[in-house]
Amino acid sequence: MTQDLRIGIIGVGMMGADHAERVARRISGARLVAVSDPDTARAATLAATLGGALDGSPGAAPDGRLGGVRVVEDPLALIGDAEVDAVIIASPGFAHAEQLMACLEHGKPVLCEKPLTMDTESSLRVVEAEHKVGRSLIQVGFMRRFDPEYARLKQLLDSGELGRTLLLHNVHRNKTVAPTFRSEMIVRDSLVHEVDVARWLFGDEITRITVHAPKPTSLVGEGVLDPQLAVFEMAGGAMADVEVFVNFQVGYEVRCEAVAERGSATIGLGVDVLTRQAGHWGGAVPDDFRVRFGLAYDIEVQRWVNAAARGEIDGPTAWDGYAAAAVCTAGVQSLQEGRPVAVEMVSRSEVFG
Ligand code: ISE
C-alpha cells in the first residue's frame, strides 16, 4: 500500500484525543480522517483543531498534512466507513466488545486501548472471532512494551546475562483519577498494565492472583480501595508484586525492578533534570501517562501503522488481551473476597488447535 493509512478514532477523551493528535501530526504513513465520540461537541472541536470544520464536515486541509477530519456520530458507522482503513478504539472498556467485533466483520485492523473487554468470556469470544477471520487484526494498547526502558529491560532479561528472572517488583502510581474510578477499575484499567508486563517479561502465564486492600487513602470517596497490593504467581513458579495507587497526589510514577539469579535491573527512575539546590536535590515527576509514555505511544502507533499497511499487527495480540482479562477477573474476585484466586483460562490449543 503506497497511500497513507486512513485512520478513524473512536472515543476522544484523554487518550483518544492524545492519539488523534499523534496520528494527525507525528505518525508517518497515516492520516486521521474521522473521529467519533458520544460527546459530539468534543469530537467536533478536536476535528476542527486537527483540520476539520466545526460542523463535522471534512474542512480544509490547511497544510496538506492536517485536514479532512470528519465527525462520525455512530462508532459502528465509523468502523464500516469505506474511507476508514484502520481504527483506534479509545472508548470506555464496556464498549470495546461490540466495536472489536465490528472491526473483525469489516476486516479492519484495530489498535484497541486496554482492557480488551470487561470480562474473560467476552474477551475469549473476540479471540475466537478473530481466529475465524483467519488473520490477526487486533492489537492491544499495552504501551509499556514499546517504552525504550521496558524494551531494554526485556532484552537484558532475555539475554540470560543475569541468570533466570525470579521476581518483579512493580510500582504504578497516578497523581489522581476521576471520582468515578472505583476499586474494580483500579484492577481492570490500571493493574492490567502490570499483568501484561509480568506475562511479557517472564514469557509465562499468571496462574493465581491475590489483590490486597491495605488501609485506604482518606483522599478518595467512601469505599474506594486505593492503594492496592497485588501478587501474581506465574506458571513457572516466579512471582511479581505490584503496588497500584491511583490517587497518590504527587504525579505519575511507574517503576519495575526485576530480580534475577545474578543481579537485578530497575527501570522507571527517570527524574528528568536532576537539580541540587539550597541543600536539596530533586527532579520532576510527570503529571500523567501521556507524558511518561509519550515516546512509547509514538513508537506503538507508528509500528501498528507500518504493520497494518503490510496486513499484520506488531504488538500485544487479542490473546494477550484475553489473558489479561482473565487475570483481572480473578483479581477483582480476590479483592472482593480477600483471598488468592486461581486464574481460569482456556489453553491456546483449545482455540487455535
Ligand atoms: C489509564 O487508563 C491508563 O491506562 C494509565 O496508563 C494508568 O496509569 C491509569 O491508572 C489508567 O486509568
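Residues numbered from 1 in each chain as written. Predicted model: local features only at pLDDT ≥ 70, side-chain atom pairs only at ≥ 80, totals over all residues. Heavy atoms only, no water.

Visitor: How do you make sense of the site of the ligand when you look at a structure like this?
Guide: Lys114, Met143, His172, Asn174, Phe181, Asp189, Ser190, His193, Tyr252 and Phe289 make up every residue found near the ligand. At 2.8 Å, a side-chain N or O of lysine 114 approaches an oxygen atom of the ligand. The element best represented in the shell around the ligand is helix H7 (residues 183-202), accounting for 3 residues. Considered class by class, the residues forming the shell around the ligand number 4 nonpolar, 4 polar and 2 charged. (Near = heavy atom within 4 Å. Polar contact = N/O pair within 3.5 Å; in protein donor to acceptor, adjacent residues only side chain to side chain. Helix = DSSP H or I, 4+ residues; strand = E, 2+ residues; numbered from the N terminus. Nonpolar A, V, L, I, M, F, W, Y, C, P; charged D, E, K, R; others polar.)

Visitor: What is the right way to look at the sheet that holds strand E15 (residues 341-342) in this model?
Guide: Consider a sheet: its strands pair through backbone hydrogen bonds, and that pairing is either parallel or antiparallel. In spatial order, the strands read E12-E11-E7-E10-E9-E8-E15; together these 7 strands make up an open sheet with mixed pairing. Each of the sheet's edge strands pairs with one partner strand only, and the pair in question is strand E12 (263-267) and E15. Both strand E9 (residues 228-234) and strand E10 (residues 239-245) contribute to a ladder of 6 bridges, which runs antiparallel. Within E10, the position partnered with valine 231 by the bridge is aspartate 241. Relative to the sheet, helix H6 (residues 148-159) contacts strand E7 (165-173), strand E11 (253-260) and E12, its axis offset from that of E11 by approximately 5°. (Pairing = 2+ DSSP bridges. Contact = heavy atoms within 4.5 Å. Axes fitted to C-alpha atoms, helices over the stretch in contact; angles between N-to-C directions.)

Visitor: What is the right way to look at the environment of tyrosine 322 in this model?
Guide: Here tyrosine 322 shows up in helix H10 (residues 318-337). Apart from residues lying up to four places away in sequence, tyrosine 322 is in contact with Leu116, Thr120, Ser123, Leu124, Val127, Glu344, Met345 and Val346.

Visitor: I'm lost on unusual backbone geometry in this one. Help?
Guide: Backbone phi values are negative for most residues with the exception of glycine, while trans is the configuration of most peptide bonds. Proline 115 follows lysine 114 through a cis peptide bond whose omega is -5°. Topologically, proline 115 is positioned in the loop between strand E5 (110-112) and helix H5 (120-133). Here the amide bond leading from aspartate 226 into proline 227 is cis, since omega sits at 10°, within 30 degrees of zero. As for its placement among the helices and strands, proline 227 is situated in the loop between strand E8 (206-212) and E9. With phi around 80°, glutamine 249 is a residue other than glycine that occupies positive phi space.

Visitor: What is the right way to read the domain arrangement of the protein from this model?
Guide: The extent of an interface is frequently quoted as the accessible surface area lost upon association of the parts. Taken as a whole, the protein is organised into domain 1 (5-143 + 296-317) and domain 2 (148-289 + 338-342). Here the C-alpha centre of domain 2 lies 28 Å away from the C-alpha centre of domain 1. Counting residues at the interface gives 10 residues for domain 1, matched by 8 residues for domain 2. Where domain 1 abuts domain 2, roughly 910 Å² becomes buried across the two surfaces, and 69% of that area is made up of carbon and sulfur atoms. The interface formed by domain 1 and domain 2 includes 1 salt bridge. Between lysine 114 and aspartate 189 there is a salt bridge; the shortest N-O distance is 3.7 Å. The interface formed by domain 1 and domain 2 holds 2 residue pairs in polar contact (both at pLDDT 80 or more) in total. Of all elements in the fold, only helix H1 (14-25) and helix H9 (294-309) reach the threshold of two or more residues within the side of domain 1 that touches domain 2. (Domains from an automatic or database assignment. Buried area = accessible area lost by both parts, 1.4 Å probe. Salt bridge = Lys/Arg side-chain N within 4 Å of Asp/Glu carboxyl O.)

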